[in-house]
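The primary structure of each chain is shown beneath.
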Amino acid sequence: MQTHQAKRVEIIIEAPMERRLRKALESADVTGFTVLPVLGGSGRSGSWSRDGQITSAGGMVQLVCIIRPEKLDALLDAAFRVVERHIGVVNVVDCEVLRAERF
Amino acid sequence: MDGIFSLAMENLLSPLILFFILGVAAAFARSDLTFPEAAAKAMSIYLLFAIGFKGGVSVADHGLDARLVLSLIAGMILSAFIPFIAFFLLRIMSRLSTMDAAAVAAHYGSISIVTFVASTSALTGSGIISEGYMVAVAAVMEAPAILSALWLVSRKSDQQAPDAGLWREILLNGSIVLLVGSFLIGGITGQDGMAKIESFVVTPFQGVLCLFLLDMGLVAGRGLRNSASSLTPGLLAFGVLMPLIGSVFGLGAGLALGLSSGGVALLMTLSASASYIAVPAAMRVALPEANPSIYLTMSLGVTFPFNLTLGIPIYIAVARTFTGG
């Protein structure tokens, strides 16, 4: 089957920043992404868990986005302006998709 | 002194406090007892809805007066002023950076609605009446402290001004919208509205509050266990001293306003409590360099348990002494 090269960008960011990150991506013409809840974890600021929390302040979300390679720089520039000062992880991996016209 | 002691003992042996202690103990014992996030949020929604509605009904019963407006103004002033005291004390008592001290100070200027609910419950249990509009005072005390903390930081760094989106998030924070909305609906519908939903708003309230405090105990205990290393003796002392200092300002304001003994006790509780809903989210957006494990642990792991176990009986006893109630 024919596949096409794409980039998968995964951004784990503090839940209160989610709306800002969405807006930044949309302003960079990235309109397709998925936001996933994150159960818990540990990092430089200590460990955390969603269990029992009544506020999003201590929680994180993961935003996953698959885009064409030529759109990557614009996405990272936009995302970096939001995540630069915040706790989180940004990573990019190569992937292949079946329907290139959707990305 | 006997009054404070007997109130404290009564409070410590109430189901609310015992469930909170159970939560803390379970967390320290590394039990796998947890509440799903959705269940915890549902309980907090119920409590905000119930306390707001009951406050509104109380105002409908007793009517509006100028004291309500003055109490709202006093609440805003207290919330904006207390962070300066907290910041000053933190700079003396701890080695926190300006950013961390300002973030912690914002939490102590703002309020804990669960502490407020627990205090209301203790007052009701003791048969002490309070002004129903104190719910609205609680709502207006959420945000001004954030502004003060941001100003404290902006003096010493090139911190950017918060964007308009942050203000919208703070002022239209879900807990504030629900609390104020329920308060207004309670005020509009009065006793007729209460008669229709009393079995949902009144009877299950204490049971839900017990479960919620069990969850708070678990979260507080786990926070303390995981972040104990970030708490210095100075910070621990601050976490106990600051609520007492804040309560003195609440006492002064309550007496100046001529509130009832219950109203004074609630204003003391609000001034003494530290936020862990609205302010932590605002700090993550506005001051991301501030360490969340410090301010969350201080607020939820130190000051919240103190207020719940010893603070509330002290505030009630002092308020009764000064008002003769």
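Residues numbered from 1 in each chain as written. Chains lettered and ligands numbered in written order. Predicted model: local features only at pLDDT ≥ 70, side-chain atom pairs only at ≥ 80, totals over all residues.

### Examining the overall build of chain A
Scanning chain A for helices and strands turns up 2 helices and 6 strands. Across chain A, helices and strands are ordered from the amino to the carboxyl terminus as β-α-β-β-β-β-α-β. Expressed along its principal axes, the backbone C-alpha trace of chain A runs to roughly 45 × 30 × 20 Å. Counting the 103 residues in chain A, one finds 29% classified as buried. (Helix = DSSP H or I, 4+ residues; strand = E, 2+ residues; numbered from the N terminus. Buried ≥ 20, exposed ≤ 12 C-beta atoms within 10 Å, placed from the backbone.)

### Section: the interface of chain B and chain A
Contact with chain B, which involves 25 residues of that partner, is made by 18 residues of chain A. Secondary structure elements with two or more residues in the side of chain B that touches chain A: helix 3 (37-62), helix 11 (205-227), helix 14 (278-286) and helix 15 (292-323) of chain B. The residue makeup of the side of chain B that touches chain A, split by class, is 13 nonpolar, 7 polar and 5 charged. (Contact = placed C-beta atoms within 7 Å. Nonpolar A, V, L, I, M, F, W, Y, C, P; charged D, E, K, R; others polar.)

### Some remarks on the sheet that holds strand 5 (residues 60-67) of chain A
Residues and elements named next belong to chain A. Spatial ordering of the open sheet is given by 2-5-1-6, a layout of 4 strands whose pairing is antiparallel. Either end of the sheet is taken by a strand with one partner, and the two such strands are strand 2 (34-37) and strand 6 (88-97). If you compare each strand with its neighbour and ignore which way they point, the axes differ by 20° on average. Summarising the sheet, strand 2 and strand 5 pair through 4 bridges and their orientation is antiparallel. The residue bridging Pro37 from the neighbouring strand is Val61, located in strand 5. Across the face of the sheet, helix 2 (residues 72-83) comes into contact with strand 1 (4-14), strand 5 and strand 6 while running at roughly 0° to strand 1. (Pairing = 2+ DSSP bridges. Axes fitted to C-alpha atoms, helices over the stretch in contact; angles between N-to-C directions.)

### Concerning the environment of B:Ser154
Structurally, the position occupied by B:Ser154 is in helix 8 (residues 144-156). Each C-alpha atom, one on B:Ser154 and one on B:Thr98, is 9.9 Å from the other, the two residues being 56 residues apart in sequence.

### Focus on helix 5 (residues 98-109) of chain B
Residue and element names in this part refer to chain B. Over its 12 residues, helix 5 extends 16 Å from the first C-alpha to the last, a length consistent with the 16 Å expected when each residue adds 1.5 Å. When you tally the buried positions in helix 5, you get 11 out of 12 residues, the bulk of the element. Restricting attention to buried positions, one finds in helix 5 the residues Met99, Asp100, Ala101, Ala102, Ala103, Val104, Ala105, Ala106, His107, Tyr108 and Gly109. Among the structural elements, helix 4 (66-93), helix 8, helix 12 (233-257), helix 14 and helix 15 are those in contact with the buried residues of helix 5. (Expected span 1.5 Å × (residues − 1).)

### Remarks on the environment of B:Met134
Residue and element names in this part refer to chain B. Relative to the helices and strands, Met134 resides in helix 7 (residues 134-140). Judged by the 31 C-beta atoms lying within 10 Å of it, Met134 is buried. Separated by 18 residues in the primary sequence, Met134 and Phe116 place their C-alpha atoms 9.3 Å from one another. Leaving out residues up to four positions away in the same chain, Met134 has contacts with Gly55, Gly263, Leu266 and Leu267.

### Comments concerning the nonpolar core
In terms of nonpolar packing, the biggest core is built from 130 residues, with B:Ala102, B:Ala103, B:Val104, B:Ala105, B:Ala138 and B:Ala149 touching the most fellow members. A per-element tally of this core places helix 15 of chain B first, with 16 residues. (Core = buried A, V, L, I, M, F, W, Y, C linked by C-beta atoms within 7 Å.)

### Overview of the packing of helix 6 (residues 113-125) of chain B against helix 11 of chain B
Helix-helix packing is characterised by the crossing angle of the two axes and by the distance between the axes. Residue and element names in this part refer to chain B. For the pair helix 6 and helix 11, the least separation of the axes is 12 Å and the interaxial angle reads 140°. Between helix 6 and helix 11, the angle is such that the two are oblique. You can see that helix 6 and helix 11 cross each other, and the crossing is left-handed. Across the interface between the two elements, Val114, Val117 and Ser121 from helix 6 touch Gln206, Leu209, Phe212 and Met216 from helix 11. Tallied by class, residues from the contact of helix 6 with helix 11 come to 5 nonpolar, 2 polar and no charged. (Parallel < 35°, antiparallel > 145°, perpendicular 65-115°, else oblique. Left-handed = near helix turned anticlockwise from the far one by under 90°.)

### Thoughts on the environment of B:Ala136
Residues and elements named next belong to chain B. Within the secondary structure layout, Ala136 lies in helix 7. Under the C-beta neighbour-count criterion, Ala136 is labelled buried, with 23 such atoms within 10 Å. When the C-alpha atoms of Ala136 and Gly165 are compared, they prove to be 23 Å apart, with 29 residues separating the residues in sequence. What Ala136 contacts, discounting residues up to four positions off in sequence, is Leu72, Val180 and Phe183.

### So, unusual backbone geometry
Although it is not a glycine, A:Asp29 sits at a positive phi angle of roughly 65°. Mapped onto the fold, A:Asp29 is located in the loop between helix 1 (18-27) and strand 2. Of note, B:Arg30 is a non-glycine position whose phi angle comes to about 60°, a positive value. In this fold, B:Arg30 is placed in the loop between helix 2 (15-28) and helix 3. On the neighbour-count criterion, B:Arg30 (10 C-beta atoms within 10 Å) is exposed.

### Structural notes on the confidence of the model for chain B
Looking at chain B as a whole, its pLDDT mean stands at 90, while 97% of the residues score no less than 70. Reported for the predicted complex are a pTM of 0.87 and an ipTM of 0.76. (pLDDT = per-residue confidence, 0-100.)

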